[in-house]
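Residue-level structural notes
Residue strings, one per chain:
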Amino acid sequence: MTRSRKRPRRSLILAGGGLKVAFQAGVLQVWLDEAGLEFDHVDGASGGTLNLAMLCQGMSGTEIADNWRRMSPVDGASINMRQLGRLAYAESLLTLDRYRKNVFPAWGLDWDAIRAAKLPATFNVFNFSHQELEVLPPARMSEDFLAACVSLPMWFPPVWIDGSAYIDPVYVTDANLEEAIDRGADEIWVIWTVSERGDWKPGFVATYFQTIEATANGHYRRVVSRIERNNAAIARGETGEFGRHIELRVLKAEVPVHYILDLGADRLHEAVNRGVRAARQWCAEGGIPLATPIPLPEPGKPVSLRFTETMAGKVTAASSADGMPLSVHLTISTDSVDGFVTDAEHVALATGQVRSDLVGGSRDVVEGSFNLFTDNGDPTRKQMRYRLHFTDEQDKPLTLVGVKTVNSGNPLRIWPDTTTLHTRVLRGHVGPEEDEHAETLAAGVIRLSVPSFLWELTTFRLAGPSLAARAGGLAKFGVLFVGKLWDVYARPILSPGPI
């Protein structure tokens, strides 16, 4: 990460976010390996220090992302059994023992290599005994200090080092922008995954993490405001607080993973891939060129899945007031369940027929896709999307676009929300970016009936190397489906879902 003479001095801020920093690892894959970005200083706080430790060791962004892709949250989960009997006086609910025993070795952390890092890096940790933030260089880092950097009070015990109790610095900073400024940064690049929704929910667990969000976002925004005032002063020809213009380049995301209480490996791996996708889109919008995209790791022995779905209803043509029957008979399939459940878009192949007199009878789908419970940054609103390319009896291209929208609210709406497909038939073979301007030939609603749903359950077929692998593939699909519904309908209990 040597500095080019032609570019400004850059600092990279690996902000905290608990398990949400798996998303951050996906961003690093793109920023470091595909965009080839160079940084003169990297700062980590809270969960971001986990990625910083791997970076200091010399790992590439892809290696860091792959470490998260191989990890399961249960690898690091351990209840503090010795403290449970103390109830309200317990030191912590959990420990980091399994992180030390399982996760850090699996990641290949080498403390000698980290301490010898030439990368100008800073790790933030709070010395509770002295009541001050300590900013550590790689030369001072150890397993104890890394554990201390993520030892969130109440959930994990403090780490005692040289007679002082150390804890996660989140109540002081979750992104030490001041350190970057003090080191002369002209550009500060931030990856921010702490939720900014401001959606207050009752309950002790929710309140705790909402307090974390208030603290982290509040402190971060105060520093951002100082930078903005400084830049405005510089623009007026004044000195400004920092004496130079400082550009902030921030990639933010609402990551559907709980900060700590998450058991789903697939959900964690999806967060990594969400980071990859978001970073590529962010770079494209910012005019940052990318090398050939790095492919996702392929599962050793993939399990394929397919099932059949039939929906029927009526659509109304633009030139008529009368509704016309329309149905779709589709086979949804994926060659890799692992790839499907960890893909941020959860996209599968859709084949079959569109049937209606409107299009000339039964017409084969020549190209089709199905997306299961995707969202655009709002975890309370998810969609199932269908896009079917076919032709009419005169071989003129048509597209059926359908959306099932699942909104946060009454759980009694699960059935109508997940079975009602709002449908449009468009002229031409239309891509997602063309929907808004495409000509609509007909629109209406088709539905999955109760008998069709019961029949659909009997059509699930899996192929894989063993019965256990096939059963595991079906379980993964089921967990994905239930987990996404949890995100929408069970948010007052725990948001996002734990699996």
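Here is a short report on the structure shown in this document. (Residues numbered from 1 in each chain as written. Predicted model: local features only at pLDDT ≥ 70, side-chain atom pairs only at ≥ 80, totals over all residues. Heavy atoms only, no water.)

Some details on the overall build of the protein
Counting its regular elements, the protein contains 13 helices and 18 strands. Once the C-alpha set of the protein is aligned to its principal axes, its extents read approximately 80 × 65 × 40 Å. Each of the 499 residues in the protein was classed as buried or not, and the buried ones make up 52%. For the protein, the proportion of contacts with a sequence separation of at least 24, taken over those separated by at least 6, is 67%. Counting every atom, the protein has about 22100 Å² of accessible surface; 55% of that belongs to carbon and sulfur. Across the protein, the centroid of the 52 positively charged side chains sits 1 Å from that of the 59 negatively charged ones. (Helix = DSSP H or I, 4+ residues; strand = E, 2+ residues; numbered from the N terminus. Buried < 20%, exposed > 50% of the residue type's maximum accessible area, 1.4 Å probe, protein only. Contact = heavy atoms within 4.5 Å. Areas by Shrake-Rupley, 256 points an atom, 1.4 Å probe, with all protein chains shown as cover. Lys, Arg positive; Asp, Glu negative; His and termini not counted. Charge placed at Lys NZ, Arg CZ, Asp CG, Glu CD.)

Details of the packing of helix α1 (residues 21-34) against helix α9 (residues 265-285)
One way to put it is that α1 packs onto α9 with a least axis distance of 6 Å and a crossing angle of 40°. Put simply, α1 runs oblique to α9. The handedness of the crossing between α1 and α9 comes out as right-handed. In this structure, α1 contributes Ala-22, Phe-23, Gly-26, Val-27, Gln-29, Val-30, Trp-31 and Glu-34 to the contact, and α9 contributes Leu-268, Ala-271, Val-272, Arg-274, Gly-275, Val-276, Ala-278, Ala-279, Arg-280, Trp-282 and Cys-283. (Axes fitted to C-alpha atoms, helices over the stretch in contact; angles between N-to-C directions. Parallel < 35°, antiparallel > 145°, perpendicular 65-115°, else oblique. Left-handed = near helix turned anticlockwise from the far one by under 90°.)

Examining the pattern of salt bridges
By the definition in use, this model includes 34 salt bridges. Across the pair Asp-262 and Arg-267 runs a salt bridge, and its minimum N-O distance is 4.0 Å. Like Arg-267, Asp-262 is buried. In this structure, Asp-395 and Arg-363 form a salt bridge, with 3.8 Å as the shortest nitrogen-oxygen distance. One end of the pair, Asp-395, is in the loop between β14 (381-391) and β15 (397-407); the other, Arg-363, is in strand β12 (residues 361-364), and 32 residues separate them in sequence. (Salt bridge = Lys/Arg side-chain N within 4 Å of Asp/Glu carboxyl O.)

Some thoughts on unusual backbone geometry
With an omega dihedral of -10°, the bond running from Ser-495 to Pro-496 counts as a cis peptide bond. Position of Pro-496 among the secondary structure elements: in the segment after α13 (467-489). Phi at Leu-87 takes a positive value of approximately 50°, unusual for a residue other than glycine. With respect to the helices, strands and loops of the structure, Leu-87 is situated in the loop between α3 (61-70) and α4 (97-106). Unusually for a residue other than glycine, Asp-162 sits at a positive phi of about 55°. For Asp-162, a relative accessible area of 79% puts it in the exposed group.

Re the side chain of Lys-20
Summarising the element assignment, Lys-20 is placed in the loop between β1 (10-14) and α1. At a separation of 2.6 Å, a polar atom in the side chain of Lys-20 contacts the main-chain carbonyl oxygen of Val-255. Leave out the neighbours within four places in its chain, and Lys-20 touches Thr-193, Val-255, Val-257 and Tyr-259. (Polar contact = N/O pair within 3.5 Å; in protein donor to acceptor, adjacent residues only side chain to side chain.)

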